[in-house]
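Take a look at the letters that make up each chain.
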There are 2 protein chains.
Amino acid sequence: MIKTGDTYTHEIMFKQADVNMFAKISGDNNPVHIDPEYAAKTPFKHPIVHGFFSGAVFSKVFGTLFPGEGTIYLYQDMKFLAPVYVDQQYIAKFEVQSVDTQRHIGKIICSLEDTNGKVYISGVAKLKHDIEFVE
Amino acid sequence: MIKTGDTYTHEIMFKQADVNMFAKISGDNNPVHIDPEYAAKTPFKHPIVHGFFSGAVFSKVFGTLFPGEGTIYLYQDMKFLAPVYVDQQYIAKFEVQSVDTQRHIGKIICSLEDTNGKVYISGVAKLKHDIEFVE
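None of the values given here were measured: they were computed from a predicted structure.

**Here we look at the overall build of chain A**
Scanning chain A from terminus to terminus reveals five helices and five strands. Helices (α) and strands (β) of chain A occur, in sequence order from the N terminus, as β-α-α-α-α-α-β-β-β-β. For chain A, the C-alpha atoms occupy an extent of roughly 55 × 30 × 20 Å along the three principal directions. A buried classification covers 51% of the 135 residues belonging to chain A. For chain A, contacts bridging at least 24 residues in sequence account for 64% of all contacts bridging at least 6.

**Remarks on the interface of chain A and chain B**
The interface is formed by 31 residues belonging to chain A together with 31 residues belonging to chain B. Both faces considered, chain A and chain B share a buried interface measuring about 2900 Å² in area, 65% of it formed by carbon and sulfur atoms. Of all residues in chain A, Ile25, Phe52 and Phe80 of chain A give up the largest surface area on contact with chain B, accounting jointly for 23% of the area buried on that side. Between the two partners, chain A and chain B, sit zero salt bridges.

**Let's talk about the sheet that holds strand 2 (residues 72-80) of chain B**
The sheet built from ten strands is open, its strands ordered 1(A)-3(A)-4(A)-5(A)-2(A)-2(B)-5(B)-4(B)-3(B)-1(B) with antiparallel pairing. In this open sheet, the two strands that pair with only one neighbour each are strand 1 (7-12) of chain A together with strand 1 (7-12) of chain B. With direction set aside, neighbouring strand axes in the sheet form an average angle of 20 degrees. Both strand 4 (residues 105-114) of chain B and strand 5 (residues 119-128) of chain B contribute to a ladder of nine bridges, which runs antiparallel. Within strand 5 of chain B, the residue paired with Gly106 of chain B across the bridge is Leu127 of chain B.

**Quick notes on the environment of Leu74 of chain A**
Positionally, Leu74 of chain A belongs in strand 2 (residues 72-80). The class for Leu74 of chain A is partly exposed, based on a relative accessible area of 24%. Sequence separation between Leu74 of chain A and Lys107 of chain A is 33 residues, and the spatial gap between their C-alpha atoms is 9.8 Å. Not counting residues within four places of it along the chain, the set of residues in contact with Leu74 of chain A comprises Ile105, Lys126, Leu127 and Lys128 of chain A together with Met78, Lys79 and Phe80 of chain B.

**Some thoughts on the relation of the copies chain A and chain B**
Under the fitted operation, chain A is carried onto chain B by 0.0 Å of movement along the axis and a turn of 180 degrees, and the coordinates agree to an RMSD of 0.0 Å. In the structure described here, the two chain copies are related by an operation that fits a two-fold rotation axis. Measuring from the rotation axis to each C-alpha of chain A, the shortest distance belongs to Asp77 of chain A, at 1.9 Å. In this assembly the copies share their binding face: 100% of the residues contributing to the interface of chain A also contribute to that of chain B.

**So, the packing of aromatic side chains**
Where two aromatic rings form a pair, the distance of their centres and the angle of their planes describe that pair. Overall, the coordinates contain 24 aromatic pairs over all chains when judged by the stated rule. Between Phe14 of chain A and Tyr90 of chain A the ring centres are 6.1 Å apart and the planes differ by 45 degrees, which places this aromatic pair in the tilted class. One end of the pair, Phe14 of chain A, is in the loop between strand 1 and helix 1 (16-26); the other, Tyr90 of chain A, is in strand 3 (residues 90-100), with 76 residues separating them in the sequence. Among the residues examined, Phe14 of chain A registers a relative accessible area of 3% and is labelled buried. Residue class for Tyr90 of chain A comes out buried when judged on its relative accessible area of 2%. With a centroid separation of 6.2 Å and 50 degrees between ring planes, the pair formed by Phe22 of chain A and Phe22 of chain B is classed as tilted. Taken as a pair, Phe22 of chain A in helix 1 and Phe22 of chain B in helix 1 (residues 16-26) lie in two separate chains rather than in one. Its relative accessible area of 0% is what places Phe22 of chain B among the buried residues. Positioned above the aromatic ring of Tyr75 of chain A, the side-chain terminus of Lys126 of chain A is 5.6 Å from the ring centre.

**Let's talk about the pairing of strand 4 of chain B**
By the criterion of burial, strand 4 of chain B is predominantly enclosed, with eight of the ten residues buried. From the end of strand 3 (residues 90-100) of chain B to the start of strand 4 of chain B, which pair antiparallel, there are four residues, and His104 of chain B there has a positive phi angle of about 60 degrees.

**A look at helix 1 of chain B**
Among all positions in helix 1 of chain B, only Val19, Phe22, Ala23, Ile25 and Ser26 of chain B are buried. If you follow the buried residues of helix 1 of chain B, they end up packed against helix 1, helix 4 (51-54) and helix 5 (56-64) of chain A together with helix 2 (31-34) and helix 4 (51-54) of chain B. Taken from the residues just after helix 1 of chain B, Gly27 of chain B is the one with a positive phi, measuring 85 degrees.

Basis of the calculations
- Residues numbered from 1 in each chain as written.
- Chains lettered and ligands numbered in written order.
- Predicted model: local features only at pLDDT ≥ 70, side-chain atom pairs only at ≥ 80, totals over all residues.
- Heavy atoms only, no water.
- Helix = DSSP H or I, 4+ residues; strand = E, 2+ residues; numbered from the N terminus.
- Buried < 20%, exposed > 50% of the residue type's maximum accessible area, 1.4 Å probe, protein only.
- Contact = heavy atoms within 4.5 Å.
- Buried area = accessible area lost by both parts, 1.4 Å probe.
- Salt bridge = Lys/Arg side-chain N within 4 Å of Asp/Glu carboxyl O.
- Pairing = 2+ DSSP bridges.
- Axes fitted to C-alpha atoms, helices over the stretch in contact; angles between N-to-C directions.
- Least-squares fit on C-alpha atoms with pLDDT ≥ 70 in both.
- Phe/Tyr/Trp six-rings, centres within 6.5 Å; stacked < 30°, edge-to-face > 60°.
- Lys NZ or Arg CZ within 6 Å of the ring centre and 35° of its normal.

Right, dumping it as structure tokens:
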């Protein structure tokens with residue numbers, strides 16, 4: 001059972017090979033993500049991870065870990081606050097803001113941070129889970 | 001130059017092989033996305049596309065087509081309204097709600113719909129583009 005105030009953290013590091021694969025399967029082959037020479041001429045200096053790929057760590061955690069299998073994703077928002085790079089250590093952090101035990105819906109604050117607590121993505125998710133979000 | 005009221009549409013079909021690859025690279029290997037036998041026992045009946053992979057069509061369009069290269073993604077929200085399946089025709093639709101020509105930021109309403117106009121994902125994006133969002 002997951003309750004208001006519960007927290008969860010999950011470490012993650014993105015790899016260029018996976019970013020390249022995301023570009024291929026999503027069709028988002030903007031060179032800023034996959035071409036080091038192009039990225040070097042931008043303010044980012046190095047290829048940056050797609051927002052939808054770095055943010056997908058939220059989906060990974062919700063779908064497989066917290067709450068895990070049985071999760072139905074209802075809503076997600078994301079503020080992309082700073083560029084996310086490959087081969088850097090990040091931590092996805094979660095805190096349950098509220099639980100509607102009648103409708104089995106949890107509202108969860110989520111962020112992607114580095115080990116110094118700098119926030120790269122912040123957002124809120126709403127999930128349905130018939131076993132975890134109960135009285 | 002992109003102005004308030006401008007619209008854009010982009011057809012898309014998701015493939016199971018790409019959903020499987022997304023599960024692998026994102027780590028979201030919830031069986032509802034990749035295991036037909038498991039999905040058959042859920043209300044979805046068939047594997048459903050990850051919200052972060054179906055929603056990534058917004059990222060693809062913004063990063064490569066409308067506005068295209070040079071886009072900096074600031075914000076995205078998504079309401080997941082109905083399950084998205086592979087091998088079905090969907091249309092991503094975009095309408096520019098407002099443009100801040102001083103800060104070069106556009107607010108764009110986006111949706112993923114089927115050919116009958118049923119909405120599967122709806123959301124709003126905020127993008128920065130120094131060439132397209134100008135006076």
